[in-house]
Amino acid sequence: MSSHPTRGAWITDMADRLRGLFDATRYEVPENVRCSCAREGRAKGPGWCTFEGARCGVYVSPDVSDPVNVAEILLHELVHAALGARAGHGRKFQRCAAAVGLVYLSHTRGGTFATAECLKTLRSFVEECGPYPPDARREHRDGRQLSLPGGGE
Ligand SMILES: [Zn+2]
C-alpha cells in the first residue's frame, strides 16, 4: 500500500491504474493528461475534464471524499480525456464508458456509475493507492461524507 501526501498525488496514482482499464479496449487515454483535485470557479459536477490545445486536465472536486467515489468519477473523466472535447456524452462516450465498466444513465445527461465488476476493480485500486488524503483546505473532521448524485460532468 502506498501513502500519498496530497490528493493530487493520490489521484495521479489512481489515474495511472485506471488507464489499464482502457488497455483491453480500442480507446486510449493520452499521455499528457494532468489529473488532480481542484475546484473550478463556476459550479459544476463532482468531476470535469478540460481541453486546452493538446493539453488535457482531469479534476475531481474536493467535496468528494470517498475514495471509491473519487475513482469512479476519475474513470468517467478519463473517458472524456480518451475521446476529446467533441464527443460530449454522445454515443461514442457511451460505448467507451461501457467498455471500461461504466453504466450510462441516459436520464441524468451524462451521469455514470460503475458496474459491480468494475467496482470490485476500483476497490482493489483504492487499496493499492492507500488512504485518500484529507482536503488541504477543508477537512471533514467528523468523517461525514457528502452524498453525490452519480456521475458528474
Ligand atoms: Zn462527463
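All figures in this text were calculated on a predicted structure; none of them were measured in a lab. Residue indices follow the written sequence of each chain, beginning from 1 at its first position. For a predicted model such as this one, the threshold for reporting local features is a pLDDT of at least 70, and the threshold for listing and counting side-chain atom pairs is 80 or more; totals across whole chains, interfaces and linings nevertheless cover every residue.

**Remarks on the overall build of the protein**
Numbering of helices and strands starts at the N terminus; helices are DSSP runs of H or I of at least 4 residues and strands are runs of E of at least 2. Scanning the protein for helices and strands turns up four helices and five strands. Starting at the N terminus and ending at the C terminus, the protein contains elements arranged as α-β-β-β-α-α-β-β-α. Here the protein holds 153 residues, and 33% of them are scored as buried. With C-beta atoms placed from the backbone, a contact is any residue pair whose C-beta atoms sit within 7 Å. Here the analysis covers contacts within the protein between residues at least 6 apart in sequence; of these, 64% occur between residues at least 24 apart. Think of it as a crowd count around each C-beta: if 20 or more other C-beta atoms lie within 10 Å the residue is buried, if 12 or fewer it is exposed, and in between it is partly exposed, with C-beta placed from the backbone throughout.

**Some thoughts on the packing of helix H1 (residues 7-23) against helix H4 (residues 116-129)**
Working note: a packed helix pair is described by the angle between its axes plus the distance between those axes. To obtain each axis, a line is fitted to C-alpha atoms, and for helices this fit is confined to the stretch in contact; angles are then taken between N-to-C directions over 0 to 180 degrees. Their axes nearest at 10 Å, the elements H1 and H4 cross at an angle of 135°. If you check the angle between H1 and H4, you find them oblique. Seen from above, H1 lies across H4 with right-handed handedness. From H1, Trp10, Asp13, Met14 and Arg17 reach across to H4, where they touch Phe125, Glu128 and Cys129. An angle below 35 degrees is treated as roughly parallel, one above 145 as roughly antiparallel, one from 65 to 115 as roughly perpendicular, and anything else as oblique. Crossing handedness is defined as follows: a turn of the near helix away from the far one that is anticlockwise and smaller than a right angle gives a left-handed crossing, while the clockwise case is right-handed.

**Remarks on the pairing of strand S4 (residues 102-105)**
Paired strands, as defined in this entry, are two strands with at least two bridges between them according to DSSP. Pairing between S4 and strand S5 (residues 111-114): four bridges, direction antiparallel. In the sheet register, Leu102 faces S5, and the bridge partner there is Ala114. Between S4 and S5, which follow one another and run antiparallel, lie five residues, and Arg109 among them has a positive phi close to 55°.

**Points about H1**
The span expected for a helix works out to 1.5 Å for each residue beyond the first. With 17 residues, H1 extends 25 Å from end C-alpha to end C-alpha; this agrees with the ideal 24 Å at 1.5 Å per step. Inspection of H1 places Arg7, Trp10, Ile11, Met14, Ala15, Leu18 and Leu21 among the buried residues, and these make up the whole buried set. Of the surrounding elements, those touching the buried residues of H1 are strand S1 (33-37), strand S3 (55-60), helix H2 (67-83), helix H3 (91-100) and H4.

**Considerations on the sheet that holds S1**
Taken in spatial order, the three strands line up as S1-S3-S2 in an open sheet, and their pairing is mixed. At either margin of the open sheet sits one strand with a lone partner, and together these are S1 and strand S2 (47-52). The sheet shows a mean angle of 20° between the axes of neighbouring strands, taken without regard to direction. Bridge analysis of S2 against S3 gives six bridges, and the strand direction is antiparallel. Pairing of Phe51 across the sheet is with Cys56, part of S3. With respect to the sheet, H1 is in contact with S1 and S3, its orientation differing from that of S1 by roughly 135°.

**Some thoughts on H3**
Inspection of H3 places Phe93, Cys96, Ala97 and Val100 among the buried residues, and these make up the whole buried set. On an axial view of H3, the arc spanned by its buried residues comes to 100°, and they lie on one face. Buried residues belonging to H3 abut H1, H2, S4 and S5. Just downstream of H3, Gly101 is the residue with a positive phi angle, here 105°. In this context, the arc is that of the directions from the helix axis out to the C-beta atoms.

**Quick look at the packing of H2 against H4**
It is at 9 Å that the axes of H2 and H4 come closest, and there the two elements cross at 115°. Of the two possible hands of crossing, H2 and H4 adopt the one that is right-handed. Counted together, Pro67, Val68, Ala71 and Glu72 of H2 and Leu122, Arg123, Phe125 and Val126 of H4 form the full contact between these two elements. In this count, Pro and Cys sit with the nonpolar residues alongside Ala, Val, Leu, Ile, Met, Phe, Trp and Tyr, while Asp, Glu, Lys and Arg are called charged and the others, Gly among them, polar. Here the contact of H2 with H4 is composed, by residue class, of six nonpolar, no polar and two charged.

**Observations concerning the confidence of the model for the protein**
What pLDDT reports is the predictor's confidence in each residue, on a scale of 0 through 100. Per-residue confidence for the protein gives a mean pLDDT of 88, with 86% of residues at or over 70. The spread of mean pLDDT over the elements of the protein runs between S2, the lowest at 92, and H4, the highest at 98. Confidence drops under pLDDT 50 across residues 139-153; counting only partners more than four residues distant or on other chains, this segment forms 33 contacts.

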